[in-house]
Amino acid sequence: MLDISVAYNRYKFLGNEFLSWLWYVMEHEPDRLNAVTDDNIQFTIGNRMVLENAAHNASETVTIKGDDAGLEEGMLALRKGAFVTELNLMIAEEEKQWQFTIKGESLNITGLKVPETGRIETREDIEGAVLEKIFLYEKIMGWIDAVYAFFLGVRLSSEWDDVVIPQIKKWILQ
Amino acid sequence: MGILSSNASIARYQVLGQLSDPVMDTLTRLLSQHAIEEIDAESIDKSIGWTSFENPFKPDFSQSSFVVGIYFLFAFRIDKKAIPAKVVTKQYLLEMERRLKDSGKESLSRNEKKQIKEDVLHQLSLRIPATPNVFDILWNYEKSTLWFFSTQKSANEEFESFFTKTFKLNLIRHFPYTAAMDFLTDVQKDILEKLAPSHIME
């Protein structure tokens with residue numbers, strides 16, 4: 001195993017490729033995410049996306065935000081060689097909805113909103129509320145881990161270069 | 001922003017190693033030994049330490065109060081006193097003026113000025129209360145995983161080093177490489193070691 005700080009910088013690209021691939025899969029093969037997570041869930045892009053193009057030793061950042069923002073700028077950035085570095089996602093399971101932002105380089109989760117939990121009225125309610133929150137947090141972590149594991153399986157196989165990259169390229173150029 | 005917040009931020013870790021048996025006694029002892037110390041009445045400008053989840057301003061780790069289901073739940077607190085520079089300057093100039101008047105001198109030596117500044121900072125830090133920042137921690141001891149409820153770089157770094165100092169256990173942060181190490185086969189790990197970034201549009 002590599003030194004942790006070396007590995008963090010060396011493999012930032014992997015998280016960014018994961019988020020870029022996830023955008024493609026959400027648009028083209030959403031059912032695949034259900035199969036991967038074993039749950040009937042729906043991923044959609046939320047209200048924020050950050051893309052970075054680090055090609056040619058220059059860094060260009062494009063930030064798209066707002067509930068009704070179009071993603072054309074993001075597509076244009078992909079066309080120029082950028083990758084998604086930060087993505088706000090919404091995941092729905094039946095009536096329940098989770099929303100959060102995930103960062104490619106760290107896989108850190110920020111701004112996580114989970115489905116509403118029971119109100120805390122007395123001190124005795126706290127433990128139950130905490131366990132309910134943990135359950136809802138673990139669901140999201142489980143889904144992300146499952147999708148990331150699936151992505152890695154593809155990324156580390158010949159399917160990535162032979163099938164996935166041409167498909168993503170076609171999507172970007174369409 | 002903590003575990004019960006409507007808007008949470010989470011950094012994930014793997015904990016390497018185990019606490020010495022009996023685990024609950026060890027954890028209670030170490031949390032108590034390294035609990036946050038109040039500095040409001042001290043001239044210290046920063047304090048860090050563990051505190052209780054339910055009552056972060058009155059740490060109490062007795063009677064397994066940090067156990068929730070199969071998890072350990074407690075918090076990390078960073079207290080800092082921020083004395084505005086303009087307040088320091090004002091008090092420093094006033095004190096200089098007073099000393100010049102009292103001594104009848106026309107000017108003060110470099111050492112006297114230095115001493116006045118130190119005295120002013122000492123007096124102000126006794127009067128200004130520390131600002132507390134509380135970060136919840138959820139530790140699944142069986143699975144050796146831990147969630148820190150903040151993604152602020154400085155808070156994470158302070159937490160990591162204080163955790164290792166307290167428990168003599170190392171933390172590995174969850175990020176694309178370490179997350180991959182959790183489930184890849186040896187063959188896949190070899191491929192990952194040599195992996196280069198993709199250039200989709202070239």
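Residues numbered from 1 in each chain as written. Chains lettered and ligands numbered in written order. Predicted model: local features only at pLDDT ≥ 70, side-chain atom pairs only at ≥ 80, totals over all residues.

Visitor: Looking at this structure, how should I read the overall build of chain A?
Guide: On a plain count of helices and strands, chain A comes out with 6 helices and 5 strands. Counting helices and strands in the order they occur from the N terminus, chain A gives α-α-α-β-β-α-β-β-β-α-α. Reported as C-alpha extents along the three principal axes, the dimensions of chain A are approximately 60 × 40 × 30 Å. Within chain A, buried positions represent 30% of all 174 residues. Long-range pairs, those at least 24 residues apart, make up 52% of the contacts in chain A with a sequence separation of at least 6. (Helix = DSSP H or I, 4+ residues; strand = E, 2+ residues; numbered from the N terminus. Buried ≥ 20, exposed ≤ 12 C-beta atoms within 10 Å, placed from the backbone. Contact = placed C-beta atoms within 7 Å.)

Visitor: Even after reading the chapter, I still don't get the interface of chain B and chain A, so can you show me in this structure?
Guide: A common measure of how large an interface is: the accessible area buried when the components associate. Taken together, the contact pairs 32 residues of chain B with 37 residues of chain A. Of all the elements in the fold, those that place two or more residues in the side of chain B that touches chain A are β1 (8-16), β4 (71-80), α5 (176-181) and α6 (186-193) of chain B. In terms of residue class, the side of chain B that touches chain A is built from 23 nonpolar, 8 polar and 1 charged. Pairing between strand β5 (residues 109-113) of chain A and β1 of chain B: 2 bridges, direction antiparallel. Bridge pairing links Leu 112 of chain A to Ala 8 of chain B in β1 of chain B. (Nonpolar A, V, L, I, M, F, W, Y, C, P; charged D, E, K, R; others polar. Pairing = 2+ DSSP bridges.)

Visitor: Would you take a moment to explain the domain arrangement of chain B for this structure?
Guide: Domain annotation of chain B identifies domain 1 (11-82 + 129-177) and domain 2 (85-127). For domain 1 of chain B and domain 2 of chain B, the distance between their C-alpha centroids amounts to 39 Å. (Domains from an automatic or database assignment.)

Visitor: Explain the packing of helix α2 (residues 12-28) of chain A against helix α5 (residues 125-155) of chain A here, please?
Guide: Two quantities define a packed helix pair, namely the angle between the axes and the distance from one axis to the other. All names here are of chain A. The N-to-C vectors of α2 and α5 enclose an angle of 100°; their axes lie 11 Å apart at closest approach. Taken together, the axes of α2 and α5 are roughly perpendicular relative to one another. On the side of α2, the interface is formed by Glu 17, Phe 18, Trp 21 and Leu 22, while α5 contributes Val 147, Tyr 148, Phe 151 and Arg 155. A breakdown of the residues in the contact of α2 with α5 according to their chemical character gives 6 nonpolar, no polar and 2 charged. (Axes fitted to C-alpha atoms, helices over the stretch in contact; angles between N-to-C directions. Parallel < 35°, antiparallel > 145°, perpendicular 65-115°, else oblique.)

Visitor: Just checking my understanding: could you explain the confidence of the model for chain B for this structure?
Guide: Low pLDDT means the predicted coordinates in that region are not meant to be read closely. Per-residue confidence for chain B averages 91 on the pLDDT scale, and 99% of its residues sit at or above 70. The ipTM for the predicted assembly is 0.90, set against a pTM of 0.89. (pLDDT = per-residue confidence, 0-100.)

Visitor: Explanation requested: the environment of Phe 53 of chain B in the structure shown.
Guide: Residue and element names in this part refer to chain B. Tracing the chain through its elements places Phe 53 in the loop between β2 (46-51) and β3 (67-68). When the C-alpha positions of Phe 53 and Phe 162 are compared, they lie 17 Å apart, and in sequence the two are 109 residues distant. Discounting chain neighbours no more than four positions away, the residues touching Phe 53 are Phe 66, Leu 73, Phe 74, Ala 75 and Asp 136.

Visitor: Before we go on, may I ask you to explain the packing of helix α3 (residues 30-37) of chain A against α5 of chain A in this structure?
Guide: All names here are of chain A. The N-to-C vectors of α3 and α5 enclose an angle of 110°; their axes lie 9 Å apart at closest approach. One element, α3, and the other, α5, form an angle in the roughly perpendicular class. Contacts between α3 and α5 involve Leu 33, Val 36 and Thr 37 on the former and, on the latter, Trp 143, Ala 146, Val 147 and Phe 150. Residues that form the contact of α3 with α5 fall into these classes: 6 nonpolar, 1 polar and no charged.

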